[in-house]
Amino acid sequence: MTNEAVLTATNIVKELGSGAGKVRALKGVDLSLVRGELTLLMGPSGSGKTTLLSILGCIMTPTAGAVSVDGTSTDGRSPDELAVLRRDHIGFIFQSYNLFPTLSALENVRIALDVRGQKGYEAARRCEDVLRQVGLGNRLRNFPGNLSGGEQQRVAVARAIVSSPSIVLADEPTAALDSENGHAVMELLARIAHEQDRSVLAVTHDPRTLPYADRVVRIEDGLIVGEERRPEGLDAPEITDLTKRRKAHA
Amino acid sequence: MIFTLAFRNLFHDRVRLMVTLVGILFSIVLVAVQLGLYLGASRMITANIDHANADLWVMPFGAKSFEDGGLLMGARERHQALATPGVERVTPLIVRFSEWRKPAGGSTRVVVVGTDAEDGAVKPLSLDYGTWEDIKAPDAIAVDRTYLKDLGVEGVGGTAQIGPSRVKVRALTDGVRSFTQSPYVYTPLSRARQLVGVQGTDLATFHLVKAYDGVDIEEVRKELLSRLEGAEVLTTAEFRQRSLSQWLFRTGAGVALIGGALLGILVGTVIVAQTLYSSTKDHLNEFATLRALGSSSGYIHKVILTQAGLSAVIGYILGMLLALLVVLASQSTPLPIVMTPLLALGLFSVTLFMCAISAVSAIVKVTKIDPATVFSR
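Residues numbered from 1 in each chain as written. Chains lettered and ligands numbered in written order. Predicted model: local features only at pLDDT ≥ 70, side-chain atom pairs only at ≥ 80, totals over all residues. Heavy atoms only, no water.

Description of the packing of helix H3 (residues 105-114) of chain A against helix H5 (residues 149-161) of chain A
The description of two packed helices rests on the angle between their axes and on the distance between the axes. Residues and elements named next belong to chain A. Contact pair H3 / H5: the axes reach a minimum separation of 8 Å and the direction vectors enclose 25°. Relative to H5, H3 is oriented roughly parallel. The chirality of how H3 crosses H5 is right-handed. Residue-level contacts link Ala 105, Asn 108, Val 109 and Ala 112 of H3 to Val 155, Ala 158 and Arg 159 of H5. (Axes fitted to C-alpha atoms, helices over the stretch in contact; angles between N-to-C directions. Helix = DSSP H or I, 4+ residues; strand = E, 2+ residues; numbered from the N terminus. Parallel < 35°, antiparallel > 145°, perpendicular 65-115°, else oblique. Left-handed = near helix turned anticlockwise from the far one by under 90°. Contact = heavy atoms within 4.5 Å.)

Considering the interface of chain B and chain A
Contacts between the two partners involve 24 residues from chain B, matched on the other side by 28 residues from chain A. Of all residues in chain B, Met1(B), Leu293(B) and Phe375(B) give up the largest surface area on contact with chain A, accounting jointly for 32% of the area buried on that side. Run the count over chain B and chain A and you get two salt bridges. Salt-bridge contacts for Arg8(B) lead to Glu107(A); the nearest nitrogen and oxygen are separated by 2.6 Å. Put simply, chain B and chain A have nine residue pairs in polar contact (both at pLDDT 80 or more) between them. Among the secondary structure elements, those contributing two or more residues to the side of chain B that touches chain A are helix H1 (2-12), helix H10 (284-292) and helix H11 (297-330) of chain B. When grouped by side-chain class, the residues that make up the side of chain B that touches chain A number 11 nonpolar, nine polar and four charged. (Buried area = accessible area lost by both parts, 1.4 Å probe. Salt bridge = Lys/Arg side-chain N within 4 Å of Asp/Glu carboxyl O. Polar contact = N/O pair within 3.5 Å; in protein donor to acceptor, adjacent residues only side chain to side chain. Nonpolar A, V, L, I, M, F, W, Y, C, P; charged D, E, K, R; others polar.)

Points about H10(B)
All names here are of chain B. Here H10 lies mainly inside the structure; eight of its nine residues are buried. Listing the buried residues of H10 in full gives Asn 285, Glu 286, Phe 287, Ala 288, Thr 289, Leu 290, Arg 291 and Ala 292. Once H10 finishes, Gly 294 follows within two positions and takes phi at roughly 105°, a positive value. (Buried < 20%, exposed > 50% of the residue type's maximum accessible area, 1.4 Å probe, protein only.)

What to know about the side chain of Ser65(B)
Residues and elements named next belong to chain B. Position of Ser 65 relative to the elements: it lies in the loop between strand S1 (56-60) and helix H3 (75-82). Judged by relative accessible area, which is 0%, Ser 65 ranks as buried. At a separation of 3.2 Å, a polar atom in the side chain of Ser 65 contacts the side chain of Trp 247. What Ser 65 contacts, discounting residues up to four positions off in sequence, is Phe 206, Phe 239, Ser 243, Gln 246 and Trp 247.

As for the packing of aromatic side chains
Residues and elements named next belong to chain B. Within this structure, the stated rule accounts for 13 aromatic pairs over all chains. Judged by centre distance (6.0 Å) and plane angle (25°), the ring pair of Phe 3 and Phe 7 falls under stacked. Of this pair, Phe 3 and Phe 7 both sit in helix H1, four residues apart, which is roughly one turn of the helix. Here the aromatic residues Trp 57, Phe 66, Tyr 184, Tyr 186, Phe 206 and Phe 239 are joined through ring pairs into a cluster of three or more. The ring of Phe 97 carries the charged tip of Arg 109 above its face, separated from the ring centre by 4.1 Å. (Phe/Tyr/Trp six-rings, centres within 6.5 Å; stacked < 30°, edge-to-face > 60°. Lys NZ or Arg CZ within 6 Å of the ring centre and 35° of its normal.)

This is the structure we're talking about:
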């Protein structure tokens with residue numbers, strides 16, 4: 001593991017809605033992600049988890065604060081420039097898999113390379129390799145409708161990592177899966193972080209995911225309220241530094 | 001992958017695909033028929049002009065078309081034209097509406113075209129039976145097969161009466177239709193004068209002027225105009241345009257045909273736009289996923305445009321097959337539909353354009369996609 005920060009968010013504020021309906025979803029969040037680490041972002045519904053994930057993934061822009069991806073600031077970038085940042089540095093895994101129902105497993109992964117302009121035989125081979133890595137070597141030609149939920153999520157994982165991004169962001173990756181498949185996917189994410197030296201952040205409220213985390217960040221009411229890190233040699237994270245950081249300017 | 005995704009999106013919902021294809025098919029057939037009729041009508045209107053061996057047409061002032069040449073001109077104009085420098089030959093031509101009395105009773109209007117073929121004027125087009133020599137026989141005329149029934153004769157050897165004279169069908173043309181639906185009756189010049197009631201005169205509806213090779217036609221025209229009072233001198237192209245303008249636009253027929261074609265394009269565009277828009281709406285989450293994966297907006301636009309292009313190609317092939325059947329079926333009618341390679345190519349361009357325009361609403365929709373919606377499912 002290298003302790004190099006690949007994604008840094010500083011004092012992130014996000015306001016949603018307008019006028020009387022305006023809501024401050026994030027109230028000054030600081031977070032940085034390093035390579036080789038699986039981080040869980042946990043918190044109750046409405047705590048701002050997904051909003052933070054969207055901002056970290058350059059899908060949403062913050063109302064205030066700064067985000068830096070692999071040393072590149074997102075400040076003032078156009079939607080197309082943010083798309084390029086996502087394309088070059090970030091892989092996404094979604095709660096509902098978001099696979100293309102009309103494309104096979106292999107094609108679903110290939111499209112992630114296609115949008116990056118990587119086509120042809122080499123790209124196809126790379127996709128097959130990645131699908132084999134996630135245990136779907138025998139399901140390449142299957143369409144999402146013919147795959148189980150766990151298999152679909154593994155296709156989504158393959159799609160997220162096929163372009164070798166430094167950051168993988170997962171939104172509730174186990175929420176739609178049964179226990180066995182949930183564990184399989186978390187194991188896969190942990191392997192991606194540790195063996196491929198990527199930074200993986202998973203938003204979740206599923207306690208089954210805890211044993212796989214190197215670090216757990218807790219968010220409540222738009223603020224980071226705690227951070228737990230797994231000590232060396234332990235199987236599960238243990239609270240090592242719980243910092244209640246309710247910001248005064250909430 | 002763009003093609004694969006577009007193709008699969010298109011064929012994923014078969015019902016919607018059918019609606020799209022029916023829209024394009026309907027549009028293509030309608031446009032093909034309307035423009036084919038327009039082309040067919042244009043050819044009918046100008047066929048005699050196009051087949052005349054003339055550089056310039058001398059006609060009474062205000063002549064509207066080939067069939068409607070107005071007052072007859074005398075020999076004076078012909079002699080003045082012949083005396084004009086640069087003129088090689090001047091051929092008189094009679095074109096007049098006349099009454100055809102059927103042998104079994106009843107009558108119909110015909111257009112008598114009187115010409116001496118050896119003078120190099122208008123020849124009966126596409127003689128299908130008989131020769132020009134046959135038409136020079138006493139009472140002989142040539143008519144088109146298409147109008148035999150309307151004329152009340154069965155074919156060669158059939159007799160009827162035009163004006164005061166008896167005529168006998170000695171030759172037949174094939175495919176020489178008349179836009180006015182009054183059949184052309186081809187006969188030598190002297191008999192034509194007799195049939196239209198100006199026998200024994202040198203009167204003519206038009207004088208067809210042939211200039212010497214290498215002579216400036218415009219100079220000849222200027223000279224002719226200075227010599228001929230009360231007459232107009234038009235080039236073949238101008239006379240062609242005037243005849244087209246008279247029958248297609250002053251009568252409103254051409255406007256109706258072009259209007260029908262535009263309506264076809266409009267209806268097709270609306271149907272394709274509606275189905276493409278609804279398809280895009282259905283796949284919005286997938287497009288948002290593509291955007292979240294980092295695709296450029298151009299990539300997504302290409303998917304939609306490819307979908308539109310595929311619809312266009314499939315719809316065009318089916319539409320053209322049906323249109324060709326309609327064209328084939330119309331060949332024995334008085335107003336045949338014409339399909340040319342250029343028209344087929346034009347229709348393909350129109351179809352592509354129509355589908356590209358139809359994609360605009362879908363592209364606008366997809367441009368507004370918020371990739372954050374991928375987290376709200």
